[in-house]
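Each chain, letter by letter, is given below.
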Amino acid sequence: MKYISTRGAAPALSFEEAMLTGLALDGGLYVPAHIPKLTKDEILSLQGLRYQDIAFRIIKPFVDDAFDDDSLIDIIEKAYADFSHVSCAPLVELEANHFLLELFHGPTLAFKDFAMQLIGQLFQVALNRRKQKVTIIGATSGDTGSAAIEAFRGLDAVNVFILFPDGRVSDVQRRQMTTAKESNVHAIAVDGTFDDCQSRVKDMFNDHEFRNEVQLAGINSINWARVLAQIVYYFSSAVSLGAPLRKVSFTVPTGNFGDIFAGYIAKEMGLPIERLVVATNQNDILHRCLSGKGYHTTQVAASISPSMDIQISSNFERALFYAYGLDTTEIVKLMEQLKQNDGFEITNDALIALSEHYSSGMATEVETFDTIKTILTRSAQLLCPHTAIGVKVADELRNNKVPMVTLATAHPAKFPAAVKNASEVNPELPNIMSDLFDRPERILKVDNDVVQLKNLIRDRI
Ligand SMILES: *Cc1c(COP(=O)(O)O)cnc(C)c1O
């Protein structure tokens, strides 16, 4: 399987190369040259399988011969060994025909573990084989960073630098990043927003000299391997609700569009998905865009769902690439306009193409609080703020014919202040993390300045 860039000017790469590279050299994002299809019978045969076995069947066609069957099976088993729920991604019934897909049973309590644990194992095998060492740089609004540090700590072929917006992540998120003891992982507090962090990461990737000097690799949600890992739970949950004989819809609390884009790929692979519903917080650029108002960035407003406090949604470029019929020239133009004018308009045809798959909605801060409170009373489920946004939007858009699955993207204990405020219940950290607040922290503080960052990284590797 070859991977091509959404901007058309970077070389096509193998799975392994695309994974190790992250962002394409032309600034674009890698997508598979074609999307493998599963037959109805192949999907039917997933019913009743373990999560890991479904993962193998979904992932295999995308990696081709990069990993042979035995090593891929081994990698998948190791990736999900530390999940605290036997089925990895259990479904819970919230109300009639509305289900929560619990994606927070991994080691850092958010869905990012599904991709990051897998990527850690894939990197280790690939780099050892190549006798190579890389520097991983990532930006995080909280959950990616903790998942990356957890997945890569102690791996000697990898140095990890995670940029997070100082003061804009929860204490639990910060501590999950700053309390790792291993010297190959570094948490960097940037004086800026998540979008600043993401822009500085892009700056470093676009500096080809620096990129080669430190052997830069990216594990942000732009990395194709992350999208790939996330396709699996769309299949596992849909088949347990009767797919392919029955349609299923999904609502996804969305920021960088990585998680929901995995749902689009699942649909293109043959999974009968009726709607993919984008749920945003007050930073609702995606909802405005899908409602036909163009893609125009505004200031990021800090919210109680910090992992969705985003205005530049990097994976949306992949959705646009398909909506524009794989026209890389158009994508280059849009991205140039985004850079010059902070936004762009979408053609009518592309908007129609998007609305064939995606619907959208948003929740204000008050609505998010109210949903946490109402669902606790009505269904005895304590939701994290991100999940609450999903549930609110799902409730607006779902019908009684097609089951709706809302992705529960984090454990409520990852956002205790907001959850307590809304529900008067203090969500307890699971046992594995009960000493989190006693562990010593290690933080590097820097300005929102790429030169300072490069020097720091050179110093530490
Ligand atoms: C990252 C994250 C999201 C948003 O996911 P994207 O793939 O960026 O759309 C939502 N909720 C939580 C808890 C997250 O960590």
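Here, the structure is the one placed above.
Participant: Summarise the overall build of the protein; cite the residues concerned and give the values.
Facilitator: Of regular secondary structure, the protein possesses 19 helices and 16 strands. In summary, the protein has a C-alpha radius of gyration of 20 Å against a globular reference of 23 Å for 461 residues, a match within 12%. Considered along the principal axes of its C-alpha atoms, the protein spans approximately 55 × 50 × 50 Å. Of all 461 residues assigned to the protein, the portion counted as buried reaches 63%. Intrachain contacts of the protein at a sequence separation of at least 6 include 75% that bridge at least 24 residues. Element-wise, carbon and sulfur atoms account for 48% of the exposed surface of the protein, whose accessible area totals about 17,300 Å².

Participant: Kindly report on the environment of Arg129, identifying the contributing residues and their values.
Facilitator: Among the secondary structure elements, Arg129 is positioned in helix H5 (residues 112-130). The class of Arg129 is partly exposed, set by a relative accessible area of 43%. Not counting residues within four places of it along the chain, the set of residues in contact with Arg129 comprises Glu16, Ala66 and Phe67. At a separation of 2.5 Å, a polar atom in the side chain of Arg129 contacts the side chain of Glu16.

Participant: How would you summarise the pattern of salt bridges if you had to cite specific residues and measurements?
Facilitator: All told, the structure shown has 26 salt bridges when counted by the stated rule. Linking Glu95 and Arg378 is a salt bridge whose minimum nitrogen-to-oxygen distance equals 3.0 Å. With Glu95 in strand E4 (residues 91-95) and Arg378 in helix H16 (residues 365-379), the pair connects residues that are 283 residues apart, well separated along the chain. By relative accessible area, which is 22% here, Glu95 ends up partly exposed. We note a salt bridge from Arg174 to Asp171, for which the minimum N-O separation is 3.1 Å.

Participant: Break down the sheet that holds strand E7 (residues 158-165) for me, with residues and values.
Facilitator: Within the open sheet, the 5 strands sit side by side as E9-E6-E7-E8-E16. Their pairing is parallel. Of all the strands in the sheet, just strand E9 (216-218) and strand E16 (444-446) have a single pairing partner and so form its edges. Pairwise comparison of adjacent strand axes, ignoring direction, gives a mean angle of 30° for this sheet. With 3 bridges joining them, strand E8 (residues 185-190) and E16 adopt parallel strand pairing. Along E16, the bridge assignment pairs Ile188 with Leu444.

Participant: Go over the packing of helix H13 (residues 316-323) against helix H15 (residues 348-355), please, and point to the residues and values.
Facilitator: Put simply, H13 and H15 touch, their axes get as near as 9 Å, and they point 110° apart. Here H15 runs roughly perpendicular to H13, going by the angle between their axes. Across from Phe316, Ala319, Leu320 and Ala323 in H13, the residues of H15 making contact are Ala350, Ala353 and Leu354. For the contact of H13 with H15, the residue count by class is 7 nonpolar, no polar and no charged.

Participant: If you had to explain the packing of aromatic side chains to someone new, which residues and values would you point to?
Facilitator: Taken as a whole and judged by the stated rule, the model has 22 aromatic pairs. Summarising the aromatic geometry, the rings of Tyr3 and Trp224 are spaced 5.8 Å apart at their centres and angled 45° between planes, so their arrangement reads as tilted. Of the two residues, Tyr3 is situated in strand E1 (residues 2-5) and Trp224 in helix H10 (residues 224-240); the sequence distance between them amounts to 221 residues. The two residues Tyr3 and Trp224 agree in class, both being buried. Through a chain of ring-to-ring contacts, three or more aromatic side chains come together here, namely Phe257, Phe261, Tyr264, Tyr295, Phe316, Phe321, Tyr322, Phe344 and Tyr358. Geometry around Phe210 places Lys454 over its ring, the cationic atom sitting 5.7 Å from the centre.

Participant: Could you give me a rundown of the site of the ligand, with the residues and numbers involved?
Facilitator: Taken together, 15 residues are adjacent to the ligand, and Lys112, Asp143, Gly255, Asn256 and Thr409 come closest. Taking Asn256, its main chain carries an N or O atom lying 2.8 Å from an oxygen atom of the ligand. Gly258 places a polar main-chain atom, nitrogen or oxygen, 3.3 Å from an oxygen atom of the ligand. In isolation the ligand offers 380 Å² of accessible surface; the protein chains occlude 97% of this area. The pocket occupied by the ligand, as judged from atoms lying within 2 Å of grid points, is the largest cavity. Each residue belonging to the shell around the ligand can be placed in one class, and the counts come to 5 nonpolar, 7 polar and 3 charged.

Participant: Break down the layout of surface pockets for me, citing the residues and quoting the values.
Facilitator: In this structure, the largest pocket spans a volume of roughly 730 Å³. Lining the largest pocket are 30 residues, and of these Arg7, Lys202, Met335, Leu338 and Lys339 sit closest to its centre. Looking at the lining of the largest pocket, the elements with two or more residues in it are helix H8 (194-206), H13 and helix H14 (328-341). Broken down by element, the residue count for the lining of the largest pocket peaks at 7 residues, all from H8. Within the lining of the largest pocket, the residues separate by chemical class into 11 nonpolar, 9 polar and 10 charged. Taken as a whole, the second largest pocket holds about 420 Å³ of empty space. Taken together, 20 residues line the second largest pocket, and the ones lying closest to its centre are Glu150, Arg153, Thr179, Ala180 and Arg439. Those elements giving two or more residues to the lining of the second largest pocket turn out to be helix H6 (143-152) and helix H7 (171-178). Ranked by the residues each element gives to the lining of the second largest pocket, the list is headed by H6, at 3 residues.

Participant: How would you summarise the side chain of His105 if you had to cite specific residues and measurements?
Facilitator: As for its position among the elements, His105 is in the loop between strand E5 (98-102) and H5. The class for His105 is buried, based on a relative accessible area of 14%. Side-chain polar atoms of His105 contact the side chain of Glu102, separated by 2.7 Å. The contacts of His105, once residues within four sequence positions are left out, are Asp82, Phe83, Ser84, His85, Cys88 and Pro90.

Parameters at a glance
- Residues numbered from 1 in each chain as written.
- Predicted model: local features only at pLDDT ≥ 70, side-chain atom pairs only at ≥ 80, totals over all residues.
- Heavy atoms only, no water.
- Helix = DSSP H or I, 4+ residues; strand = E, 2+ residues; numbered from the N terminus.
- Rg over C-alpha atoms; globule rule 2.2 N^0.38 Å.
- Buried < 20%, exposed > 50% of the residue type's maximum accessible area, 1.4 Å probe, protein only.
- Contact = heavy atoms within 4.5 Å.
- Areas by Shrake-Rupley, 256 points an atom, 1.4 Å probe, with all protein chains shown as cover.
- Polar contact = N/O pair within 3.5 Å; in protein donor to acceptor, adjacent residues only side chain to side chain.
- Salt bridge = Lys/Arg side-chain N within 4 Å of Asp/Glu carboxyl O.
- Pairing = 2+ DSSP bridges.
- Axes fitted to C-alpha atoms, helices over the stretch in contact; angles between N-to-C directions.
- Parallel < 35°, antiparallel > 145°, perpendicular 65-115°, else oblique.
- Nonpolar A, V, L, I, M, F, W, Y, C, P; charged D, E, K, R; others polar.
- Phe/Tyr/Trp six-rings, centres within 6.5 Å; stacked < 30°, edge-to-face > 60°.
- Lys NZ or Arg CZ within 6 Å of the ring centre and 35° of its normal.
- Near = heavy atom within 4 Å.
- 1 Å grid on protein atoms, 1.4 Å probe; cavity = no way out; pocket = protein on both sides within 12 Å on 5 of 7 lines; lining within 4 Å.
- Sits in = over half its atoms within 2 Å of the grid points.
- Points joined across faces, edges and corners; volume = space filled by probe spheres on them.

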